[in-house]
Amino acid sequence: MTEPLSLLVLLPALAGAVGLAARLPVRWAAALTTAASAGSVALAAAAWGGADGPRAAVWSWAPGLGVEVAWRANAATLALALLVAGIGALVLQYAGAYFQDGPVGRRAVGLLALFEAAMLGLVLSDNLFAFYVFWELTSLCSYFLIAVEGAEKPEAHAAAGRALLLTVGGGLAMLMGFVLLAAGAGVTRFSDLAGADLPPGLAVAALALCLPAVITKSAQVPAHFWLPGAMAAPSPVSAYLHSATMVKAGLVLLLFLFPAFAPSPLWALVLVPVGAATCVWGSYRALGEDDVKLLMAWSTVSQLGLLTLTLGLGTELALRAATLHLFAHALFKAGLFLTVGAVDHAAHTRSLSALGGLGRRAPLLAGAAALLAASMAGVPPVVGFLSKELILKKAMLGEWWIHALAIGGIVAGSIGTVAYSSRFFFETFAGEPRSGGTREAHAPGAGLLAAPLLLALAVLAGGPAAPWVERHFLAPVTAALAGAPVEAVPLSLWYGVNAAFVLSLAIVTFGYLFDRWLRLRLLPHAWAGEEGAVAFDRFFDRVQRLGGAIAAALADAPPRIYAAIALTVALLPAWTRLAPPRAADLDGASPLAAAVLVLLAMVLAALLAAHSRLTAVLLLSAVGIAVAALFRLLSAPDLMLTQLLVEVLTTVFFVLALRLLPPGLPQPPPRPESRAPRAAVAAIVGVGLGALVLAVQRDGPRPLRDFFLRAAPELAQGNNPVNVVLVDFRGLDTAVESLVVVLAAFGAVALLRGTELPGGGGPGEGGRRGGPR
């Protein structure tokens, strides 16, 4: 099971990398990435038969911390993988016909495939920390995809930045929740959550940290505003990321957390009100939009709120309803965004006030749009009707306050959904053209029609095939999510006349009447404000200004300001443990060490009185050599050698630099204030550092020291713990530090070779030394 699932994720990643690196025509790049996505679909379908097999760890990254790349193969994760890869294949095929040949199209196609790989890794990951890595990768890909058109759409950069900051910020909170679960309960895998005995306080804290990730990623109030702004991206990007996949990541997280956290009171207390507010507000805003794409964006916000509300109800029936609607929404909303892109190509406008009559010029596109809009509105016999019926049934069974809030939010939001679905279809495809450009519109080509038509057929087939959907999809998926089979009435297109059916019929009727006769009276003007984005931009701008002001204030601050900051932040804890030294603290000291310390004090006093640069450099080097001698007396020869090497090299470089400088030290300007305050700060810092050293030398539990002393010979076969720590346990850190030194060396060489030296030339030369080559 391991290799097929790994290949399932790697195929689109490799195809996307090739699409970005190779200068292929857009159609060829789209064909390559589409084939890779189709391969992922085939692998996920083939793995379905072994969906209940054991989990397999692919790569243990940090076993001691529980960090590993581990795939979870069950009906739920594989169904999500099929959804991501299947819609990805359709969107990539569509992108090949949508984009003109050029760098923008190549970037978009390659990044879409990379995003697909990240999303596949997210839905298949069992390890919490690997899930977080893929979570942030989707945010990063989204940033580049929103701004993929570069300078052609400058407003896209601001929208991409808002989306990145919000989703990454929510992800960091989620990471803290995962760390809490790992440290407090030893849980690092989703598959272990359901059976874990989580302390109530820890469970509430972990859930509270994960909920911001859901709210930001899935565009819930008050972090909803980034999604409409992301519509600056091309239509294929909006269809894939901002309706079918990325915005579902927060809901996927809720599905994975459902068995462990749904019983928590915090679950319903947060998710139901937030989901209801998002559902109603998104519907209201969609009704006032003239741009079809923005209408779809706000409708996505509303539908995401409906899904969050449903999952917030916290029962197995709610899980069934939300699961079915999540898949149904991905199908019809991806198809609708692709339809909007085809409309834009055909009529060269997305304005409802200019569109109309496209049904006669593009009948196939109109037929697909009718089925997709009907599914969004919850009209039978399409699959959207099935999921809306399940949602209404569950809402009627809640506790009294949940019952009232859920019913109110669902009914109000669903009436708006029917109204804006009706408005989209009739004002785009029915009636007469309302502009010259629409009168000259043409039918889109087969490349732009194929994906919307296939998605429309999928939502049409899902309704009549309800028994098959129940048996082969909904039952196994919800059982995998809940951890046990879910007992419920089998899915059906017709249950007879009951309360849910009557309410659904009333919603459809009133929503249509609202759009036809009441909308213009109650909502005469489109909403002009973007209050959330404006408020966020103002907040972010003020934070940046505050940071700049603090940096400017500290840039030219005197050393005593930095000393005060260091004293406050670092040394106060040491003073709390300051105590007279004990005999054990002086263990290992010798008369020779005392002599070295006395010599060190004398050298420091001479350094303070030095008036020559060369004398100061030599005395400073003597200080370092004295410290190296102390290392040798304390049985640390490796540290002594390192210190001597640093001192020798530093002295050589200083002496070389002195050739270009005047011989005397610069005299500081006379200061009216006394040196006493600076001397006091220096004494406090010095004594504080001494207190810190004494504090860490006290007897007591030292788990890190004991671990390294024990692990050095056992795990690394090394008898020198310091060397083992640097080379093995902190090998990556040491490698990065070495890389920094190498990069600094390159920078120094570049400056010496390409920059005029002080005084107009190098030593012994009158001009540039070794100019740029």
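Residues numbered from 1 in each chain as written. Predicted model: local features only at pLDDT ≥ 70, side-chain atom pairs only at ≥ 80, totals over all residues. Heavy atoms only, no water.

**Observations regarding the overall build of the chain**
If you tally the helices and strands in the chain, you get 30 helices and two strands. The buried share among the 773 residues of the chain stands at 47%. Within the chain, contacts between residues separated by at least 24 positions form 79% of all contacts whose residues are at least 6 apart in sequence. Counting only carbon and sulfur atoms, one obtains 70% of the accessible surface of the chain, whose full area is about 35,500 Å². (Helix = DSSP H or I, 4+ residues; strand = E, 2+ residues; numbered from the N terminus. Buried < 20%, exposed > 50% of the residue type's maximum accessible area, 1.4 Å probe, protein only. Contact = heavy atoms within 4.5 Å. Areas by Shrake-Rupley, 256 points an atom, 1.4 Å probe, with all protein chains shown as cover.)

**Describing the nonpolar core**
Of all hydrophobic cores here, the largest spans 183 residues; its most connected members are Phe178, Leu253, Phe261 and Phe424. It is helix α13 (residues 316-347) that contributes the most residues to this core, 18 residues altogether. If near-sequence neighbours (up to four positions away) are discounted, Phe178 is found in contact with Leu128, Phe129, Phe131, Tyr132, Phe190, Cys210 and Leu253. Core analysis: the next-biggest nonpolar cluster, separate from the first, contains ten residues, Val603, Ala610, Leu619 and Val623 among them. (Core = buried A, V, L, I, M, F, W, Y, C linked by side-chain atoms within 4.5 Å.)

**Quick look at the packing of helix α2 (residues 26-47) against helix α3 (residues 75-98)**
One way to put it is that α2 packs onto α3 with a least axis distance of 8 Å and a crossing angle of 165 degrees. Of the possible angle classes, the one that applies to α2 and α3 is roughly antiparallel. When the axes of α2 and α3 are compared, the crossing they make is left-handed. Of α3, the residues touching α2 (which contributes Val26, Arg27, Ala30, Thr33, Thr34, Ser37, Ala38, Ser40, Val41, Ala44, Ala45 and Ala47) are Leu78, Ala81, Leu82, Ala85, Gly86, Gly88, Ala89, Leu92, Gln93, Ala95, Gly96 and Ala97. Partitioning the contact of α2 with α3 into residue classes produces 15 nonpolar, eight polar and one charged. (Axes fitted to C-alpha atoms, helices over the stretch in contact; angles between N-to-C directions. Parallel < 35°, antiparallel > 145°, perpendicular 65-115°, else oblique. Left-handed = near helix turned anticlockwise from the far one by under 90°. Nonpolar A, V, L, I, M, F, W, Y, C, P; charged D, E, K, R; others polar.)

**Re the environment of Leu5**
Positionally, Leu5 belongs in helix α1 (residues 2-21). On the basis of relative accessible area, Leu5 is assigned to the buried category, the value being 1%. As for Leu5 and Arg72, which are separated by 67 residues in sequence, their C-alpha atoms are 9.0 Å apart. Beyond its immediate sequence surroundings of up to four residues, Leu5 is in contact with Ala47, Trp71, Ala73, Leu78 and Leu124.

**Some remarks on the pattern of salt bridges**
Under the definition given, this model contains nine salt bridges. Among the ionic pairs, Arg350 bridges to Asp344, the shortest N-O distance being 3.7 Å. What makes Arg350 partly exposed here is its relative accessible area of 23%. The structure contains a network of salt bridges with shared partners spanning Asp291, Asp344 and Arg350. (Salt bridge = Lys/Arg side-chain N within 4 Å of Asp/Glu carboxyl O.)

**Observations concerning the packing of aromatic side chains**
To describe a pair of aromatic rings, one takes the distance between the centres and the angle between the planes. Under the counting rule described, the total for this entry stands at 21 aromatic pairs. Between Phe131 and Phe190 the ring centres are 5.1 Å apart and the planes differ by 75 degrees, which places this aromatic pair in the edge-to-face class. Here Phe190 lies in the loop between α6 (154-185) and α7 (200-217) and Phe131 lies in helix α5 (residues 128-146), a separation of 59 residues in the sequence. You'll find Phe131 and Phe190 in the same group, each marked buried. Look at Trp494 and Phe501: their rings are 5.0 Å apart centre to centre, the planes differ by 85 degrees, and that puts the pair in the edge-to-face class. Here Arg72 stacks its cationic end above the ring of Phe256, 4.6 Å away from the centre of that ring. (Phe/Tyr/Trp six-rings, centres within 6.5 Å; stacked < 30°, edge-to-face > 60°. Lys NZ or Arg CZ within 6 Å of the ring centre and 35° of its normal.)

**Concerning the side chain of Ser40**
If you trace the backbone, Ser40 turns up in helix α2. When neighbours within four sequence positions are excluded, Ser40 is seen to be in contact with Leu8, Leu11, Pro12, Ala85, Glu116 and Leu120.

**Examining the environment of Pro200**
Its location among the elements puts Pro200 in helix α7. Measuring from C-alpha to C-alpha, the distance between Pro200 and Ser264 comes to 8.6 Å, with 64 residues separating the pair along the chain.

**Focus on the packing of α6 against α7**
Between α6 and α7, the least distance of the axes is 7 Å, while the angle of their chain directions is 160 degrees. By the angle between their axes, α6 is roughly antiparallel relative to α7. Once α6 is placed against α7, the crossing between them reads as left-handed. The residue inventory of the contact of α6 with α7, partitioned by class, reads 15 nonpolar, six polar and one charged.

**A few points about unusual backbone geometry**
That bond from Val221 to Pro222 is cis: its omega, 10 degrees, falls within 30 degrees of zero. The peptide bond linking Pro380 to Pro381 adopts the cis configuration, its omega dihedral lying at 10 degrees. Note that Pro381 resides in the loop between α15 (363-377) and α16 (383-395). With phi around 55 degrees, Ala219 is a residue other than glycine that occupies positive phi space.

**What about the environment of Ala95?**
Its location among the elements puts Ala95 in helix α3. Separated by 14 residues in sequence, Ala95 and Val109 have C-alpha atoms that sit 6.8 Å apart. Excluding residues that lie within four positions of it along the chain, Ala95 makes contacts with Val26, Val109, Leu112 and Pro236.

**Concerning a nonpolar patch on the surface**
Taken together, Leu645, Val648, Leu649, Val652, Phe653 and Leu656 make up a surface patch of nonpolar side chains, about 570 Å² in accessible area. Its location among the elements puts Leu649 in helix α26 (residues 637-658). (Patch = residues over 30% accessible without salt bridge, like charges linked within 9 Å, V, L, I, M, F, W, Y side chains within 5 Å.)

**Some points on α13**
Count 3.6 residues to each turn of an α-helix, and residues three or four apart come out pointing the same way. Its 32 residues place the ends of α13 46 Å apart at the C-alpha level, agreeing with the 46 Å of an ideal helix rising 1.5 Å per residue. Positive backbone phi, approximately 60 degrees, marks His348, located one or two places after α13. (Expected span 1.5 Å × (residues − 1).)

**What to know about the side chain of Lys248**
The topology assignment puts Lys248 in the loop between α9 (235-244) and α10 (249-261). Here Lys248 is buried and forms no salt bridge, its nearest opposite-charge partner Glu116 lying at an N-O distance of 16 Å. A distance of 2.7 Å separates a polar atom in the side chain of Lys248 from a polar atom in the side chain of His329. Those residues in contact with Lys248 that sit more than four places away from it in its chain are Ser218, Ser243, Leu304, Leu307, Leu326, His329 and Ala330. (Lys, Arg positive; Asp, Glu negative; His and termini not counted. Polar contact = N/O pair within 3.5 Å; in protein donor to acceptor, adjacent residues only side chain to side chain.)

**Focus: the confidence of the model for the chain**
For the chain, per-residue confidence averages 83 on the pLDDT scale, and 84% of positions sit at 70 or higher. In the model of the chain, helix α23 (residues 559-576) stands out as the element of lowest mean pLDDT, 60, in contrast to α10, which has the highest, 95. For residues 581-586, every residue scores under 50 in pLDDT, and the model assigns this stretch five contacts once sequence neighbours within four places are set aside. Here residues 755-773 is modelled with pLDDT under 50, and outside its nearest four sequence neighbours on either side it reaches 21 contacts, counting other chains as well. (pLDDT = per-residue confidence, 0-100.)

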